[in-house]
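An overview of the molecular structure
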Amino acid sequence: MGKVERIVFLSLVLDLFAFTIPLPLFPRIIEWYTVREISDPNGLLSRTLRFVSALRGIFYKPQQNSQRWDVVFLGGLMGSVFSTLQFLVSPHIGSLSDKYGRRNVLLITMIGNILSALIWIKSTTFASYMLSRVIGGLSEGNVQLATAILSDVSTPANRSKALAHVGIAFAICFCIGPPIGAYFASRPVPPSVGALQMELNIYAAPAILTLVLLVAETLFLIVALPETRNTRPDKHDNVNPVEAPVNEKSKTASIVRSVQERTELLRVLRKLHFLFLGIFSGVEFTLTFLTFDLFDWNNKQNGVLMGSIGIITAALGLVFLAILPHFVSTQPKIAVGLLRAAAVCLAFTSATVVSSLTSYASLQCDEGFDKDTGKPAAGHPELAKGKALGEFRSSGQLGRAIGPLLACASYWTFGPSVTYVVSAIAMLTLSASMKTVTILSGKSS
């Protein structure tokens, strides 16, 4: 692993650690705000819950605990707000990094992330908490820019290996972030903060930890990260001599593709990214709410579930979820085991599929320098790394925005079993459609 790759990997671990801390807390956060604000009919939360209740009534009218179902859908809305903002802003962040440099734009986005954490600490109203989420959605650019940076400093031959660090960082943080977030949710704030005698969010302790991580990441980037835009990597760096002939052949195939062919491949990859994350995120986001609905789990139990992430396939995980409700009343221990196994399957799929699609998308971008002189090249604007990878991420975030809403609507209308069975079939169908990329690649080479 090269110097820049190590820096990017460590910054990603800090960033994703901060990002995953609040994941198991969403249901209880909404409950806390509900208790505090339900008496105010004109408050944002009351108006939002009325809208959610009316929308839910179109699909499903439960016999009891209707408010719990509304919490499920409101959680989906909260996730969709963040992803919708990322869908809108990601192409612009990428284009700005092409113009002003990856490092400069990344540091600016970190300021927004820090502001988001500060507002979360003090967010005693639902409106202020949503403001925190909006600022975070507009500011999050670490993963996208890390991908561009790693693409800058790697050759086409070792691009996949370099971008694998993004998937590794995700795997590490999704294992440790949620359990630690759940742990700190039960801890009081530090005495030095409590001495200020300010009213804080009920989960101020994990919010403070998030702030500390983001500040540490920002300082680390200021000190350690160089600018990588228009950097020419050493073409022999990190290449196994035994694999060199194969890698050179792959690189040649990439070079001879026309702009039109690469643009078409990027279009197909964006479509696959959108569909995959649309299906996946719907299932992923309802996991925590499934435990809330079926088991009434607390933050600690949700943290343990989300930390039990490992390696299997998504389709198997979705089958587990489909049969899960049948074991809840008769054999609860088996039900809990199946739920944890499903979380394991889904997490592995997220890390491998998204990383593979991202790696292949980055190979279609202009390398940013002339292959003969080594000097920065003008290239094609639509294939500039920042812009192209920003649009690629944007397509996935659109899927993440729509997926939770559709999954929640299906959860209400047809129940969890049908929802997860259909999701499994859709994922298998999407897997079969991946041959489109192979066909296009074959024509290009």
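Residues numbered from 1 in each chain as written. Predicted model: local features only at pLDDT ≥ 70, side-chain atom pairs only at ≥ 80, totals over all residues. Heavy atoms only, no water.

Scanning the chain from N- to C-terminus turns up 19 helices and zero strands. Counting only residues that meet the buried cut, the chain has 55% of its 445 residues in that class. Summed over its atoms, the accessible surface of the chain is roughly 19,300 Å², and 66% of this surface lies on carbon and sulfur atoms. (Helix = DSSP H or I, 4+ residues; strand = E, 2+ residues; numbered from the N terminus. Buried < 20%, exposed > 50% of the residue type's maximum accessible area, 1.4 Å probe, protein only. Areas by Shrake-Rupley, 256 points an atom, 1.4 Å probe, with all protein chains shown as cover.)

This next bit is on the side chain of Thr20. By the secondary structure assignment, Thr20 is in helix α1 (residues 3-20). A distance of 3.2 Å separates a polar side-chain atom of Thr20 from the backbone oxygen of Cys173. Among all residues touching Thr20, those that are not within four sequence positions of it are Cys173, Phe174, Gly177 and Pro178. (Polar contact = N/O pair within 3.5 Å; in protein donor to acceptor, adjacent residues only side chain to side chain. Contact = heavy atoms within 4.5 Å.)

The geometry of an aromatic ring pair comes down to the distance between the two centres and the angle between the two planes. Under the definition given, this model contains six aromatic pairs. For the pair Tyr33 and Phe126, a centre-to-centre distance of 5.9 Å together with 75° between the ring planes defines the contact as edge-to-face. Of this pair, Tyr33 sits in helix α2 (residues 26-37) while Phe126 sits in helix α6 (residues 126-139), and the two are 93 residues apart along the sequence. Like Phe126, Tyr33 is buried. Where Tyr183 meets Phe184, the ring centres are 5.3 Å apart and the plane angle is 85°; that geometry is what we call edge-to-face. Accessibility expressed as a relative area gives 47% for Tyr183, which makes it partly exposed. Among the residues examined, Phe184 registers a relative accessible area of 29% and is labelled partly exposed. The structure contains a cluster of three or more aromatic residues connected by ring pairs, namely Trp32, Tyr33, Phe126 and Tyr129. (Phe/Tyr/Trp six-rings, centres within 6.5 Å; stacked < 30°, edge-to-face > 60°.)

Attention now goes to the packing of α2 against α6. Direction vectors running N to C along α2 and α6 enclose 145°, while the axes themselves pass 10 Å from each other. Contact with α2, carried on its side by Phe26, Ile29, Tyr33 and Glu37, involves Phe126, Tyr129 and Arg133 of α6 and no other residues of that element. Class assignment for the residues of the contact of α2 with α6 results in five nonpolar, no polar and two charged. (Axes fitted to C-alpha atoms, helices over the stretch in contact; angles between N-to-C directions. Nonpolar A, V, L, I, M, F, W, Y, C, P; charged D, E, K, R; others polar.)

Right, let's talk about α2 for a bit. For α2, spanning 12 residues, the distance from its first C-alpha to its last is 16 Å, which sits close to the expected 16 Å at 1.5 Å a residue. Burial runs high along α2: nine of the 12 residues are buried. Within the sequence span of α2, burial applies to Phe26, Pro27, Arg28, Ile29, Ile30, Trp32, Tyr33, Thr34 and Glu37. (Expected span 1.5 Å × (residues − 1).)

So, on to a nonpolar patch on the surface. A cluster of nonpolar residues, Val215, Leu219, Ile222 and Val223, forms a patch on the protein surface that exposes about 380 Å² of accessible area. On the secondary structure map, Ile222 appears in helix α10 (residues 204-224). For Ile222, a relative accessible area of 43% gives the class partly exposed. (Patch = residues over 30% accessible without salt bridge, like charges linked within 9 Å, V, L, I, M, F, W, Y side chains within 5 Å. Salt bridge = Lys/Arg side-chain N within 4 Å of Asp/Glu carboxyl O.)

Among the 11 residues that make up helix α7 (residues 142-152), 11 are buried, leaving the element largely enclosed by the rest of the structure. Looking at α7, one finds that the buried residues are Asn142, Val143, Gln144, Leu145, Ala146, Thr147, Ala148, Ile149, Leu150, Ser151 and Asp152.

All right, on to the pattern of salt bridges then. Applying the stated criterion to the full structure yields seven salt bridges. Where Asp152 meets Lys385, a salt bridge forms, and the shortest distance between an N and an O atom there is 3.6 Å. Of this pair, Asp152 sits in helix α7 while Lys385 sits in helix α17 (residues 385-414), and the two are 233 residues apart along the sequence. Like Lys385, Asp152 is buried. Note that Glu391 and Lys387 form a salt bridge whose closest N and O atoms lie 3.1 Å from each other. With Glu391 and Lys387 both in helix α17, this residue pair falls four residues apart, about one helical turn. Here the residues in one salt-bridge network are Asp98, Arg102, Asp152 and Lys385, joined through shared partners.

Our next topic: the nonpolar core. Core analysis: the largest hydrophobic core is formed by 65 residues, its most contacted members being Val8, Leu12 and Leu74. The element best represented in this core is α1, accounting for nine residues. With sequence-adjacent residues up to four places away left out, Leu74 is seen in contact with Ile30, Leu45, Thr48, Leu49, Val52 and Phe126. Grouped together as the second largest cluster of nonpolar side chains are 21 residues, Leu265, Leu269, Leu272 and Tyr360 included. (Core = buried A, V, L, I, M, F, W, Y, C linked by side-chain atoms within 4.5 Å.)

Considering the arrangement of structural elements, one finds His273 in helix α12 (residues 259-294). Judged by relative accessible area, His273 falls into the buried class, the value being 4%. Reaching out from His273, the side chain makes a polar contact with the backbone nitrogen of Gly396 at a distance of 3.5 Å. Apart from the residues within four sequence positions on either side, His273 is in contact with Val354, Leu357, Phe392, Arg393, Ser395 and Gly396.

What follows covers the confidence of the model for the chain. On average, the chain scores 77 in pLDDT, and the residues at 70 or more come to 71%. Per-residue pLDDT stays below 50 along residues 236-255; that stretch engages in 16 contacts with residues further than four places along the chain or on separate chains. With pLDDT under 50 throughout, residues 309-321 is counted as low confidence; its partners more than four residues away or in other chains account for 39 contacts. (pLDDT = per-residue confidence, 0-100.)

A few words now on the packing of α1 against helix α8 (residues 159-185). Where α1 contacts α8, the two axes come as close as 8 Å, and the packing angle between them is 30°. Looking at the two axes, α1 sits roughly parallel to α8. The element α1 and its partner α8 pack so that their crossing is right-handed. (Parallel < 35°, antiparallel > 145°, perpendicular 65-115°, else oblique. Left-handed = near helix turned anticlockwise from the far one by under 90°.)

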